[in-house]
Amino acid sequence: MDDPFIRQYVEDLLRKIRTQVLLKLIQPYTRVQLPFISAALHIPEADVEQLLVSLILDNRIAGHVDQVNQLLEVGDKAQGMNKYVAMEKWANQVKSIHQTVCNRA
């Protein structure tokens, strides 16, 4: 492994394999601790975080990394926004009903 030419390709190959294993590992979860991923892949947590960040930026994972709690939270941000849009719509309808009732009185 002292040959830089071979090392370059081995590193790329390891990264691709780790990426595939990581994607399969996190698939059933919505929250995964970075130490769990690190232990499963047998690599340092810093490398796990770097790999996750690159996958998130490439839109291969919809989620974000909570660095304080060492946690990957997987989920579509659009789903969260849809919830707030629905809540706003509901609040506007309640406001409209309230105004209608107040005007009748």
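Preceding block: the structure.
So, here's what we can say about the structure. (Residues numbered from 1 in each chain as written. Predicted model: local features only at pLDDT ≥ 70, side-chain atom pairs only at ≥ 80, totals over all residues. Heavy atoms only, no water.)

Observations concerning the overall build of the chain
- Tallying secondary structure elements over the chain gives four helices and three strands in all.
- Written out in order from the N terminus, the α and β elements of the chain read α-β-α-α-β-β-α.
- For 105 residues, the compact-globule formula gives about 13 Å, and the C-alpha radius of gyration of the chain, at 23 Å, lies well above that figure.
- Dimensions of the chain, computed from the C-alpha atoms along their principal axes, are close to 85 × 25 × 20 Å.
- With 105 residues in all, the chain has 22% of them scored as buried.
- Within the chain, counting contacts between residues at least 6 apart in sequence, those at least 24 apart form 43% of the total.
- With an accessible surface of roughly 8300 Å², the chain has 56% of that area assigned to carbon and sulfur atoms.
- Across the chain, the mean location of the 12 positive side-chain charges is 14 Å away from that of the 12 negative side-chain charges. (Helix = DSSP H or I, 4+ residues; strand = E, 2+ residues; numbered from the N terminus. Rg over C-alpha atoms; globule rule 2.2 N^0.38 Å. Buried < 20%, exposed > 50% of the residue type's maximum accessible area, 1.4 Å probe, protein only. Contact = heavy atoms within 4.5 Å. Areas by Shrake-Rupley, 256 points an atom, 1.4 Å probe, with all protein chains shown as cover. Lys, Arg positive; Asp, Glu negative; His and termini not counted. Charge placed at Lys NZ, Arg CZ, Asp CG, Glu CD.)

Examining the packing of helix α2 (residues 34-41) against helix α3 (residues 45-57)
- For the pair α2 and α3, the least separation of the axes is 9 Å and the interaxial angle reads 105°. One element, α2, and the other, α3, form an angle in the roughly perpendicular class. Of α3, the residues touching α2 (which contributes L34, P35, I37 and S38) are E45, V48, E49 and L52.
- Residue classes in the contact of α2 with α3 are distributed as five nonpolar, one polar and two charged. (Axes fitted to C-alpha atoms, helices over the stretch in contact; angles between N-to-C directions. Parallel < 35°, antiparallel > 145°, perpendicular 65-115°, else oblique. Nonpolar A, V, L, I, M, F, W, Y, C, P; charged D, E, K, R; others polar.)

Some thoughts on unusual backbone geometry
- The backbone of N59 shows a phi angle near 60°, a positive value even though the residue is not glycine.
- Within the secondary structure, N59 is located in the loop between α3 and β2 (63-66).
- Phi is positive for Q70, which is not a glycine, with a value near 55°.
- With respect to the helices and strands, the residue Q70 is situated in the loop between β2 and β3 (71-74).
- According to the relative accessible area criterion, Q70 is partly exposed, its value standing at 23%.

Things to note about α3
- In this model, α3 (13 residues) spans 18 Å end to end at C-alpha, consistent with the 18 Å of a helix rising 1.5 Å per residue.
- All buried positions along α3 are accounted for by V48, E49, L51, L52, S54, L55 and I56.
- Those residues of α3 that are buried are in contact with α1 (4-26), α2, β2 and β3.
- Where α3 ends, the next residue or the one after it, N59, has phi of about 60°, a positive value. (Expected span 1.5 Å × (residues − 1).)

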